[in-house]
Every structure is written in C-alpha cells, then in structure tokens.
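Spelled out, the chains give:
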Amino acid sequence: TECVSGCVCPEGLFDDGRGGCVEQRDCPCVHNNEWYSSGDKIKVDCNTCTCQKGVWKCTDNVCYGTCMIYGSGHYNTFDGKFYDFDGNCEYVASQVILTRRARKEFDCLENLLSSSVLSFLIACHHLLQYFSFIFQKTELKLENKEYKEIQRDVGDDVQYWNRTVGLYLVIEASNGVMLIWDKKTTVFIKLSPDYKGKVCGLCGNFDDKANNDFTTRSGLQDNNPLNFGNSWKQSPMCPDVTEEVKPCDLKPHRKSWAEKECSIIQSEVFKICHSKVNPLPFYEACVHDACSCDSGGDCECFCSAVAAYAQECIKAEACVFWRTPDIC
C-alpha cells in the first residue's frame with residue numbers, strides 16, 4: 001500500500017495523540033498532561049473517573065472540602081486556590097454564614113462570639129502560633145503541641161473525638177467537621193458537603209469556584225491576597241500587612257541552602273506526583289519558609305513544607321515515601 005502524506009487516519013480510525021490510529025472505543029484520555037488508555041480509572045477527590053472513548057466519565061459524589069494552612073502563611077482553600085498571606089494578627093480562617101441576613105449581606109461574623117455555630121480562628125506571627133476551633137459551646141485551642149478545651153457560655157454541646165494518626169492529631173466533631181493538626185505549623189480543616197457555599201474566611205467559600213475565593217469580609221471580590229487577608233483580621237486595631245514578606249531577600253545567606261533542601265519537591269523522589277499536583281507553588285513556599293527559619297527550627301520549617309506537598313500527593317493518589325533517617 002502506498003503511503004500518503006498528511007496527518008489523517010484511515011477512515012473509521014482516530015488519531016490517538018501519540019502517533020497512532022485507533023478505533024474510537026480505544027481512544028485515550030488526558031489528565032494533567034498524562035495519557036490514559038481506554039478503561040483506565042483515576043481518582044479525582046472522592047470521585048472515580050473512567051476513560052471511555054476518549055472522554056472521562058466520572059461519578060458525581062459530593063466531596064468533603066479541605067483547606068490547608070501551613071508554614072509562614074501558606075493557604076490552599078477548600079476550592080484549591082493556593083496563595084500566601086503572612087500576617088501578624090488573629091484572623092478568621094473559616095466561619096459559617098449564620099443567617100439569611102448574614103448570607104444576604106455577607107456579614108459572616110455577625111454575633112461571632114455570642115452565637116457562632118462554627119468558626120476557625122488562626123493567630124499568626126512569623127509562623128502559625130495557635131489555632132482555635134469553635135463549635136457551639138466548645139472551643140478547642142491548639143498550641144505548643146497540645147490542645148485544651150474551653151467551655152463557653154453560649155451554644156449547644158457538640159460531641160467530638162480525638163485520636164492520633166502517625167504524626168497528626170485528628171479531631172472529628174459530630175457536626176461534619178474534622179481538624180487535622182501536625183502539632184507544629186500545619187492544620188487541615190475538612191468540612192462535609194453540608195457546608196458547601198455556607199462558609200467564608202481565609203479558606204474561601206467552598207462553592208467549587210476558586211476564582212471567587214478572595215471574597216472579603218464586606219462581600220467584595222479582590223485580586224490582591226493582602227487586601228483579602230487583611231479584611232479577615234479579628235481586631236481592627238491590628239495593623240494591616242502592606243507588603244509581601246520575602247525572607248530570602250532579607251537573608252540571602254539562607255537562599256542557596258533553602259533551594260538545595262527544597263529541591264526534593266521537584267526531584268525524582270516526587271516524580272509520580274508531578275503530573276497530578278503542580279510542585280512549583282509548594283517548592284516556592286518551601287524555599288520561603290526555609291529562608292525564614294534562621295533562629296532554630298530550620299528542619300521543622302523545611303519538613304512541614306515538604307510534608308504539605310506530600311499530603312496533596314496522597315489526596316491525588318500518588319503516595320510518596322520521602323522521609324528517611326537523614327530527611328525529616
């Protein structure tokens with residue numbers, strides 16, 4: 001048979017994107033720049049997607065939302081928006097919108113102290129210092145590798161359980177909320193689907209739209225993380241953050257060490273995860289924190305930053321064994 005120049009497959013066959021021609025039922029699918037054969041399955045959050053005739057067909061389970069806060073003010077919102085806000089005040093990480101009036105006017109913190117159903121407050125200073133978890137009558141304060149329970153005067157009793165899983169303290173409440181803390185500088189807030197579209201704060205609004213996560217306390221959308229973050233401070237007396245902190249510029253002697261240590265995130269060690277979770281923002285956050293920690297705790301800052309990326313890899317079903325006797 002004579003070869004014909006061009007890029008068209010014979011009639012009845014389809015270009016598989018990899019230099020071959022296949023029947024439609026064998027068309028592959030693409031996810032995160034990786035090719036998958038027909039019939040392959042991948043996990044996307046709590047849903048399973050199957051490649052069928054070149055198209056992903058996914059289950060439509062409603063998933064838990066997870067917000068990650070770690071290191072020197074690194075945030076990954078419920079809807080997957082990654083940003084930095086390194087403040088020095090107490091801020092609202094996430095707060096339930098309480099009433100129809102509050103929902104309409106976006107006054108998320110209306111009667112915060114007297115009638116809050118659920119709120120998460122984060123106090124920042126250089127690195128995460130403490131985290132308060134308020135649900136109805138109970139407040140849990142996480143600080144110095146321990147948590148203490150504070151009983152408030154208002155609200156109903158909400159049951160909660162705590163357990164230790166590896167390096168993490170896990171607190172799970174009966175109202176569909178889970179808190180995971182590494183007892184250092186990383187916390188994960190997990191909310192059941194019941195809270196979808198009903199929260200606000202630094203962790204975003206959990207409505208599956210990352211482009212509106214920078215909604216300020218007054219209900220306006222902003223593109224600047226500093227304006228957004230400042231709007232969620234608890235005390236108006238606390239000064240605003242006016243510029244992004246760049247510790248590697250302030251301490252250039254730390255930069256080469258930080259880049260060398262944090263390069264593990266972009267190395268072969270995490271190769272299986274690179275196509276599933278973009279390593280760049282986590283690498284940059286790692287370098288930022290490694291430069292920042294110069295008064296002890298160097299390894300703790302570095303380890304927390306790498307662990308944050310490893311955790312996102314696990315969510316994407318790319319399990320990486322990166323800890324060694326020499327590394328963390």
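Structure's up top.
Basis of the calculations
Along each chain, numbering runs from 1 in the same order as the chain's sequence is written. With pLDDT at 70 or above as the cut-off, local features in this predicted model cover only qualifying residues; side-chain atom pairs require 80 or more to be listed or tallied, and sums for whole chains, interfaces and linings still use all residues. Working from all heavy atoms in the structure, the side-chain values ignore hydrogens and water. Pairing between strands requires that DSSP locate at least two bridges from one strand to the other. Put simply, DSSP marks the helices as runs of H or I at least four residues long and the strands as runs of E at least two long, and each gets a number from the N terminus on. Helix axes use the C-alpha atoms of the stretch in contact, all axes being lines fitted to C-alpha atoms, and the angles between their N-to-C directions lie in the range 0 to 180 degrees. Any carboxyl oxygen of Asp or Glu that lies within 4 Å of a side-chain nitrogen of Lys or Arg is treated as forming a salt bridge with it. The buried label goes to any residue with under 20% of its type's maximum accessible area, the exposed label to any with over 50%, and the partly exposed label to all in between, with areas taken from a 1.4 Å probe on protein chains only.

The pairing of strands in a sheet happens through backbone hydrogen bonds and is either parallel or antiparallel. Strand order across the open sheet formed by seven strands is β10-β9-β8-β19-β18-β17-β16, with antiparallel pairing between neighbours. If you trace the sheet from one side to the other, it starts and ends with β10 (82-84) and β16 (160-165), each paired once. Neighbour-to-neighbour, the strand axes of the sheet open up by a mean angle of 15°, direction not taken into account. When strand β9 (residues 74-76) meets β10, the two strands line up antiparallel, connected through three bridges. Across the sheet, the residue bridging to Asn 76 is Phe 82, located in β10.

This part is about the pattern of salt bridges. Any two side chains of opposite charge can pair if their charged atoms end up close together. Evaluated as defined, the whole model comprises six salt bridges. Linking Glu 23 and Arg 25 is a salt bridge whose minimum nitrogen-to-oxygen distance equals 3.0 Å. A salt bridge links Asp 208 to Lys 196; the nearest nitrogen and oxygen atoms lie 3.0 Å apart. Here Asp 208 is found in the loop between β20 (199-200) and α3 (225-231), whereas its partner Lys 196 is found in the loop between β19 (186-191) and β20, with twelve residues between them in sequence. Overall, the relative accessible area of 56% leaves Asp 208 in the exposed class. With a relative accessible area of 26%, Lys 196 lands in the partly exposed category.

Glancing now at unusual backbone geometry. Of note, the phi angle at Asp 45 is positive, near 60°, even though the residue is not glycine. Along the polypeptide, Asp 45 turns up in the loop between β5 (41-44) and β6 (47-52). On the basis of relative accessibility, which here comes to 48%, the residue Asp 45 falls in the partly exposed class. Positive phi outside glycine occurs at Glu 317, with the angle close to 60°. Note on placement: Glu 317 falls in the segment after α8 (298-315).

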